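Breakdown of the fold
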Amino acid sequence: MPEPRLLIEDVLRPGAEIALEEGQARHVGAVLRLDAGDAVRVFNARDGEWRARIAAKTKRGMSVRVEDKLREPRATPDLELLFAPVKRHATDLIVEKATELGARRLRPVITQRTIAETVRTERLAAIAREAAEQTERFDAPEIAEPQPLAKALDGWDAARPLIYADEAGDDAAAPWGGERGRGRPLLETLADVPQGKLALLIGPEGGFTAEERRMLRGMSYVIPVSLGPRILRAETAAIGALSVIQASWGDWRGV
Ligand code: SAM
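The following paragraphs examine the structure supplied in this document.

Conventions we followed
Residues numbered from 1 in each chain as written. Predicted model: local features only at pLDDT ≥ 70, side-chain atom pairs only at ≥ 80, totals over all residues. Heavy atoms only, no water. Pairing = 2+ DSSP bridges. Helix = DSSP H or I, 4+ residues; strand = E, 2+ residues; numbered from the N terminus. Axes fitted to C-alpha atoms, helices over the stretch in contact; angles between N-to-C directions. Contact = heavy atoms within 4.5 Å. Near = heavy atom within 4 Å. Polar contact = N/O pair within 3.5 Å; in protein donor to acceptor, adjacent residues only side chain to side chain. Areas by Shrake-Rupley, 256 points an atom, 1.4 Å probe, with all protein chains shown as cover. Nonpolar A, V, L, I, M, F, W, Y, C, P; charged D, E, K, R; others polar. Core = buried A, V, L, I, M, F, W, Y, C linked by side-chain atoms within 4.5 Å. Buried < 20%, exposed > 50% of the residue type's maximum accessible area, 1.4 Å probe, protein only. Phe/Tyr/Trp six-rings, centres within 6.5 Å; stacked < 30°, edge-to-face > 60°. Expected span 1.5 Å × (residues − 1). Salt bridge = Lys/Arg side-chain N within 4 Å of Asp/Glu carboxyl O.

Right, let's talk about the sheet that holds strand 3 (residues 39-44) for a bit. Pairing is mixed across the open sheet formed by five strands, whose spatial order is 1-3-4-5-2. The open sheet terminates on both sides in strands that have one partner only, identified here as strand 1 (5-7) and strand 2 (17-19). On average, each strand axis in the sheet is tilted by 40° relative to the strand beside it, whichever way the strands run. Pairing between strand 2 and strand 5 (residues 61-71): three bridges, direction antiparallel. Bridge pairing in strand 5 links Ala19 to Ser63. Strands in contact with helix 3 (residues 121-134) are strand 1 and strand 3; relative to strand 1, the strand with the most contacts, it is inclined by about 135°.

Laid out in structure tokens, this is it:
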């Protein structure tokens, strides 16, 4: 079992003694039951990953002493996920899996059919950090404050294509709008998207309204895509689409 990894934003250099944050100290001390002298790995996106040892464990807290460098940092692709918050467990799953799948920024967007009243960003940040430590990333994704969809798009950087997962077609008389007007398949679409920076938008349980579809499809940087013939739950759509993006455009290529 490799030593536990701890994301620490302090400067990591040989001999540095760093106090652990309360949550990390509780996890390392009470859950993992590590003691003074036990080895851990500490990391951040600037300094990479270092071996460290528990330097002190008291009632007041724990500290680690940094020893030697293990790995240089590796950046995650500049990939943003905009998602409509859904039920709590499913939102937690989206945050945890998007972290493992290398999203750099997670942006909850409130759409007309979003049901979730509140989004506790500090809770989502804790989930993202724990997933980042487990998944051997060098950073934890940034969790933005929830915004109404229109506000999130306001002043959008047009150099960042927004892949919009649109489950609907244009035929109001057919279920899900039928096939006419469906987005292009995601994999095909990605072949025409320049590498560099990208965003993905996933809707809520009830999907996007016709008004939101019109607004989104009217924006030059928005690329509507289909995720296939089946209607996926929001969490499935987020996980599936991020996986396809990483495999065809991101850091799964040539792994
Ligand atoms: N409107 C449907 C409903 O009422 O169940 C579907 C909403 S779906 C549960 C949640 C989100 O996942 C959608 O807004 C869309 O972003 C994405 N999604 C699910 N299936 C999709 C598909 N086949 N093609 C494109 N996007 C899909």
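Moving on, we come to the site of the ligand. Around the ligand there are 22 residues in total, and Ala165, Glu167, Leu227, Arg230 and Leu232 lie nearest to it. Between an oxygen atom of the ligand and a main-chain N or O atom of Gly203, the distance comes to 3.0 Å. Contact between the ligand and Leu227: a nitrogen atom at 2.8 Å from a main-chain N or O atom of the residue. Within the complex, the protein chains bury 90% of what would otherwise be the 560 Å² of accessible surface of the ligand. Elements represented by at least two residues in the shell around the ligand include exactly strand 13 (222-226) and helix 7 (234-248). Class assignment of the residues belonging to the shell around the ligand gives a composition of 11 nonpolar, five polar and six charged.

This part covers the nonpolar core. Counting residues in hydrophobic clusters, the biggest one holds 32 residues, and the most contacted among them are Leu81, Val95, Leu106, Ile163, Leu198, Leu200 and Ile202. Elements represented by at least two residues in this core include exactly strand 6 (78-83), helix 2 (88-100), helix 3, strand 10 (162-165), helix 5 (186-190), strand 12 (197-202) and helix 7. Of all the elements, helix 7 adds the most residues to this core, at six residues. With sequence-adjacent residues up to four places away left out, Ile163 is seen in contact with Leu186, Thr189, Leu190, Val193, Leu198, Ala199, Leu200, Leu201, Ile223 and Val225. Ala25, Val42, Trp50 and Ile54 belong to the second-largest nonpolar core, a separate cluster that totals 17 residues.

The next point concerns the packing of aromatic side chains. Under the defined criterion, the tally for this structure stands at two aromatic pairs. Centroid distance Trp156 to Tyr221: 5.6 Å. Interplanar angle 15°. Geometry classified as stacked. Separated by 65 residues along the polypeptide, Trp156 in the loop between helix 4 (149-153) and strand 10 and Tyr221 in the loop between helix 6 (210-217) and strand 13 bring together distant segments of the chain. Tyr221 shares its class with Trp156; the two are buried. Between Tyr164 and Phe208 the ring centres are 5.1 Å apart and the planes differ by 85°, which places this aromatic pair in the edge-to-face class. One end of the pair, Tyr164, is in strand 10; the other, Phe208, is in the loop between strand 12 and helix 6, with 44 residues separating them in the sequence.

On to helix 2. The terminal C-alpha atoms of helix 2, which comprises 13 residues, lie 18 Å apart, in line with the 18 Å expected from a rise of 1.5 Å per residue. Those residues of helix 2 that sit buried are Ala90, Thr91, Asp92, Ile94, Val95, Ala98 and Thr99. Close packing links the buried residues of helix 2 with strand 6, strand 7 (105-110), helix 3, strand 8 (142-143) and helix 7. Downstream of helix 2 by a residue or two, Gly102 has a phi angle that is positive, lying close to 85°.

Our focus in this paragraph is the pattern of salt bridges. Tallied over the entire structure, the rule returns 35 salt bridges. Between Asp78 and Arg160 there is a salt bridge whose closest N-O contact spans 3.0 Å. Of this pair, Asp78 sits in strand 6 while Arg160 is found in the loop between helix 4 and strand 10, placing the two residues 82 residues apart along the sequence. Note on Asp78: relative accessible area 16%, which makes it buried. The residue Glu188 makes a salt bridge to Arg184 at a minimum N-O spacing of 3.1 Å. Residue classification places Glu188 among the partly exposed positions, given a relative accessible area of 43%. Linked by salt bridges that have partners in common, Glu3, Arg5, Arg41, Glu49, Arg51, Asp68, Arg71 and Glu136 make up one network.

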